[in-house]
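Remarks on the overall topology
Below, each chain spelled out in residue letters.
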Amino acid sequence: MTGADRPGGGVRAPGGEPLLLGVRHHGPGSARAVRAALEAARPGTVLIEGPPEADALIPLAADEDMRPPVALFAHAVDEPGRSAFWPFAEFSPEWVAVRWALEHGVPARFIDLPATHTLAWDGRGDDAPDAEEGPGPDACPGDVRSDPLAALARAAGHDDPERWWEDVVEHRGTAGGDPLAPFTALEEAMGALRETEDGDESGRDLVREAYMRLQVRAARREYAAGVAVVCGAWHVPALRRRTTVAADRALLKGLPKVKADMTWVPWTHRRLSRASGYGAGVEAPGWYGHLFGAPDRPVERWLTKVAGLLREEDRPVSPAHVIEAVRLAETLAALRGRPLPGLGETTDAVRAVMCEGSDVPLALVRDRLVVGDVLGEVPAGAPAVPLQRDLARLQRRLRLRPEAAGRELELDLRKETDAERSALLHRLRLLGVGWGEPAASRGSTGTFRETWRLRWEPELAVRVAEAGVWGTTVLAAATARAEADAVTARGLADVTALAELCLRAGLADALPAVMRVLADRAALDTDVGHLAQALPALVRSLRYGDVRGIDTGALAGVAAGLAERIFVGLPAACAALDADAAEEMRRHVDAVHGAVGLLGDAPAPGHADLRSRWRTVLRTLSARDTVPGVIRGRAVRILLDDGHLAAVEAARLMGLVLSPGTPPADAAAWIEGFVGGGAGGGMLLVHDERLLALVDAWLTGVPAEAFTDVLPLLRRTFSAYEPGVRRTLGELVRRGPEGRRAVTAAAGLPGFAAGIDTARADAVLPVVRLLLGPDTDDDHVEVCA
C-alpha cells in the first residue's frame, strides 16, 4: 500500500480502498502508530473491532469522568451469568481510535460480531465466536488463538513482542516518512503467517471476519471521505480478501441469538495482564502504560519511579543508583542491538544496581509497577442494571470507594455509618459479590468491632449483574436471596449460619422466613452432632442482634429449645465412640459450652436455667465409664474452670482415671481432654502441684509395651503448650516432688485457694480498661478480666 496525497495534506488508501490498520491489542507502539495514521489520513469514519451494540456507548468515552482502563461489559438479559468483557486501556489502539474520532467529530462504529451472537454461541468449542466465558468472564477485543506478533518477534530473535514492534515496525515507518508504512509491513507479515495455516482457519474467525467485511462495505457506501478500520493485525488479510456479499451472509445464517445488554465497567491493569488468564493480555500493562504516557526519556522516568517505590519500602536507593541504572540499561540495549532499553534491560539494571542482585525487591517492582493496580472509572451516567446503580449510590453515600489494591477497613458498629457499611458488605457477600472478606480484628474482640479486607475485582461486575435477578436494590436482593437460600439449605447448620448472616446484614424482613425454616429443621433433626454444630451460630446471631438493635426474641426461644434438646441427647450420643468421633464430639462439647455461656443471659421465656441444666449434663458425662476419656476429661476441666468443681475433687477424679486399672490409652485420652486442646491446661499443671504429680506418677508407671500406643496422644497434648510452659513443666518434673513443693512454697503458689480473692481481681480492671480502649463498657471489661 502506498500513500497518496489528499486535500489537507493527509494520505489515504488509493482507489477508495479502506484504510486497514492492523494492530497489536494493548500495545503503546500500535496506539501511537494508529493516532499518526488517522491524523495523516483524516478518514470520514472509523470502524473499530468490537461489539456493535456498544455504538451508543461511544460518546461516553469523551466524558471527563471516564478514566481507562475500562471495559465494555455485555451480559444476557435472561442469564446474567452469561457475559463477556472487551477491555480497553489508555494505551489500547482501539481506545486511541475512539478518542481520536470523538475529538475530530468523526463517526465511529464497532464492527465485530454482535454480542447477541457472541453470548449465545455457547458450548461449540472452536466454532464459538471470540468471547471468553471460561475460565474467566473476560473477552478480548481481538484474536485469542495465539499472539501473531509474538510469532514474528520470535522469528526475528526477539523475546518482547511489543519492543519488537517499537524497534522494527514503528521506527521503520517513521524513518520512511509514511505513517502507513508500519501497517503495510505488518499486513504483509500477517498474510504470510496466515498462509502457513494451510487453510485451517478457526470457525470463529471466519464468521467474525465475514461480519466485519459486510460492515466495511456498508460504511464505504455511506462515507465518501474514506473509511479507516482498526482491528487486530491477524484479521487484516481476511478483510482485504475479495469475497461476495452472498458468501459472507451465508456464513452468518442461523447464528444463535440472545437478548443482550451492554455498558461500560471499570477495569484494572492487573486484569489486563496475561497472567490473569486474559487471552489478549500483555505481560506488563504498567510498563506499557508508562511507555505510552512518557514518550520522551521513558527509561529515566521509569527508573525514577522504581527508585521511589523502593524508597517507600525503606530500601536505600539514591539518585546515584538511578543514574547508574540508566547507564547500565543503555549499555545492555546497545550490546543486544536495540535502539532503546526495553523492560528486560531496565529490569536487569534494577536487579543489579538497586536490588543488589536480589529478586525479592524485584518481585515488588513487578507487582506494583510492571503490572500495577490501576483501576479505571466510568461516568455515573453510564447504563447499568438497577442493582448496580443502587450499589454505586450506596458506595458514594457511605464513602466506600472501590479500589483494585487491597486494604483493611476497621468498623465500629456503634457508629451509624460503620454499621451501614458492615450491613452493605454482608449483604453483598450473601449475594455472592465478594468485595469484602471478614478478617480477624487486631483490637477488641467485642461484637461491636469488625475488620474487613476490601479488594474490588472487575469480574465482580458479573456477580452484580447475576444478583440483579433477586431485586433492584441491594437490600431487596439480599432479602430475597436469604429467603430462597433458607428453603434450599441442606443442613440445620447452614440455616443457622444463614440466620447469623441475616442479622449481620440487617435483613430484618428476611429473618421471619429463615426462622420458620430453622424451627422446622430443628424439630425434625435428631442428630445431636448437627444440633451442637448449629447452636453456636445461632447464639452468635443473638449477640449481633443486640449490637444492631434487632429484635431477636424468637431467635432466643429457638436457641434455648435447641440447647435443651442437646442436653437430653448428648450423654447417649457420647457413648461407644471411636477416637476420631470422640475428638469431634469433644469439639462439639466446647462449642456448646461457649454457646450456653452466652445464651444464659438471653431472654428465653418458658425455659429453665440453661447453665444449671448444662452443668448437670457435664457431671453426667464426667462420671460415665461408657463416655470416651477425652470427653470425660474435658467435662471435668470445664466444671473446674467454672468453679463448680473443687480442685480436690478434680484431683480425685484424675487419680481414679490414672490408676493402674485404667487402660493406658483411655487414661491418656482423659489427660488430653483435661489439659489439652489449647484450654490453658499447661498453666494449670504449672500452678497445681498435685495434678502435675498425678500425671508424672502415671506417666512413669505406664508399661513399656503400652507406652508406644499412648505416646502420640501425649505428644499431641503437650506440643500445643507454649515453649515457656513446656520449659517450666520440664524444670518442675526434673526437680521432683520435694523440689516442686519448695519452689511453689517460695513463690507463694500452694495450688488453688478456697475462694476467689475479689480485691486482687478488681485491681487489674483499670489496666484492662486502658488496654481495651476508652469506649469499652464495664461489663465487657469484667468478662475479659
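Some words on the overall build of the chain
Secondary structure summary: the chain contains 35 helices and twelve strands in total. Put simply, the chain has 785 residues, and 51% of those count as buried. Across the chain, every contact between residues at least 6 apart in sequence was considered, and the portion connecting residues at least 24 apart equals 75%. A total of about 35100 Å² of accessible surface is found on the chain, and carbon and sulfur atoms cover 54% of it.

As for the packing of aromatic side chains
Counted under the stated rule, the structure contains nine aromatic pairs. Judged by centre distance (6.4 Å) and plane angle (75°), the rings of Phe-91 and Tyr-288 are edge-to-face. One end of the pair, Phe-91, is in the loop between β6 (83-88) and α2 (93-103); the other, Tyr-288, is in helix α11 (residues 285-293), with 197 residues separating them in the sequence. The pair formed by Phe-91 and Tyr-288 is uniform in burial state, with each residue classed as buried. Their ring planes at 85° and their centres at 5.5 Å tell us that Trp-435 and Trp-456 sit as a pair that is edge-to-face. Placement of the pair is Trp-435 in the loop between α17 (416-430) and β11 (436-439) and Trp-456 in the loop between β12 (449-454) and α18 (460-467), with a sequence separation of 21 residues.

Some details on the sheet that holds strand β7 (residues 108-110)
Taken together, the four strands give an open sheet; going across it, the order is β3-β8-β4-β7, and neighbouring strands pair in parallel fashion. In this open sheet, the two edge strands, each paired with only one partner strand, are β3 (19-23) and β7. Each adjacent strand pair in this sheet contributes to an overall mean axis angle of 20°, direction not counted. Most of the contacts of helix α1 (residues 28-41) go to β3, to which it runs at about 170°, and overall it touches β3, β4 (45-48) and β8 (227-232).

Comments concerning the nonpolar core
Within the largest apolar cluster, 110 residues are counted, with the highest numbers of intra-cluster contacts made by Leu-535, Leu-570, Trp-614, Leu-621 and Phe-674. Setting aside its immediate chain neighbours within four residues, Phe-674 contacts Gly-633, Arg-634, Val-636, Arg-637, Leu-640, Met-654, Leu-684 and Leu-691. Listed in part, the 41 residues of the second largest apolar core include Phe-73, Phe-91, Ala-325 and Cys-355.

Regarding the sheet that holds strand β9 (residues 260-266)
Strand order in the open sheet formed by three strands is β6-β5-β9, with antiparallel pairing between adjacent strands. The strands lining the two open edges of the sheet, one partner per strand, are β6 and β9. In this sheet, adjacent strand axes meet at a mean angle of 20° when their direction is disregarded. Bridge count between strand β5 (residues 70-76) and β9: seven bridges; the pairing is antiparallel. Along β9, the bridge assignment pairs Leu-72 with Trp-264.

Quick notes on the side chain of Ser-622
Relative to the elements of secondary structure, Ser-622 occurs in helix α25 (residues 610-623). Note on Ser-622: relative accessible area 16%, which makes it buried. At 2.8 Å, the side chain of Ser-622 and the backbone oxygen of Arg-619 are in polar contact.

Some points on unusual backbone geometry
The omega torsion of the bond from Pro-68 to Pro-69 falls at 10°, within 30 degrees of zero and hence cis. Positive phi, close to 60°, is recorded for His-26, a residue that is not glycine. By the element assignment, His-26 lies in the loop between β3 and α1. With a relative accessible area of 0%, His-26 lands in the buried category. Although it is not a glycine, Arg-399 adopts a positive phi angle of roughly 55°. Looking at Arg-399, the relative accessible area reads 59%, which means it is exposed.

Notes on the pairing of β3
Where burial is concerned, most of β3 is hidden: five out of the five residues are buried. What you see with β3 is no split at all: Leu-19, Leu-21 and Val-23 on one side and Leu-20 and Gly-22 on the other are buried throughout. Relative to β8, β3 runs parallel, the two being bridged by five bridges. Its bridge partner lying in β8, Leu-21 is registered against Val-230.

With respect to a nonpolar patch on the surface
Judged by side-chain polarity, Leu-699, Phe-707 and Leu-711 come together as a nonpolar surface patch covering roughly 200 Å² of accessible area. Along the chain, Leu-711 falls in helix α31 (residues 704-719). Residue class for Leu-711 comes out partly exposed when judged on its relative accessible area of 30%.

Some points on the confidence of the model for the chain
Detailed reading of the predicted model is not advised wherever pLDDT is low. In the predicted model, the chain carries a mean pLDDT of 78, and 82% of its residues have values of at least 70. Between residues 171-176, whose pLDDT stays under 50, and residues either more than four places distant or in other chains, the model counts seven contacts. Note on residues 780-785: pLDDT under 50 across the span, and twelve contacts to partners over four residues away in sequence or across chains.

Here's the deal with the pattern of salt bridges
Applying the stated criterion to the full structure yields 39 salt bridges. The salt bridge partner of Glu-457 is Arg-455, with a shortest N-O separation of 2.8 Å. Looking at Glu-457, the relative accessible area reads 22%, which means it is partly exposed. Between Arg-634 and Asp-590 there is a salt bridge; the shortest N-O distance is 2.6 Å. In this pair, Arg-634 is assigned in helix α26 (residues 629-641) and Asp-590 in helix α24 (residues 579-599), connecting sequence segments 44 residues apart. Overall, Arg-634 belongs to the buried group, its relative accessible area being 3%. Through salt bridges with shared partners, one network takes in Arg-270, Asp-367, Asp-373, Arg-455 and Glu-457.

Cut-offs and rules
- Residues numbered from 1 in each chain as written.
- Predicted model: local features only at pLDDT ≥ 70, side-chain atom pairs only at ≥ 80, totals over all residues.
- Heavy atoms only, no water.
- Helix = DSSP H or I, 4+ residues; strand = E, 2+ residues; numbered from the N terminus.
- Buried < 20%, exposed > 50% of the residue type's maximum accessible area, 1.4 Å probe, protein only.
- Contact = heavy atoms within 4.5 Å.
- Areas by Shrake-Rupley, 256 points an atom, 1.4 Å probe, with all protein chains shown as cover.
- Phe/Tyr/Trp six-rings, centres within 6.5 Å; stacked < 30°, edge-to-face > 60°.
- Pairing = 2+ DSSP bridges.
- Axes fitted to C-alpha atoms, helices over the stretch in contact; angles between N-to-C directions.
- Core = buried A, V, L, I, M, F, W, Y, C linked by side-chain atoms within 4.5 Å.
- Polar contact = N/O pair within 3.5 Å; in protein donor to acceptor, adjacent residues only side chain to side chain.
- Patch = residues over 30% accessible without salt bridge, like charges linked within 9 Å, V, L, I, M, F, W, Y side chains within 5 Å.
- Salt bridge = Lys/Arg side-chain N within 4 Å of Asp/Glu carboxyl O.
- pLDDT = per-residue confidence, 0-100.

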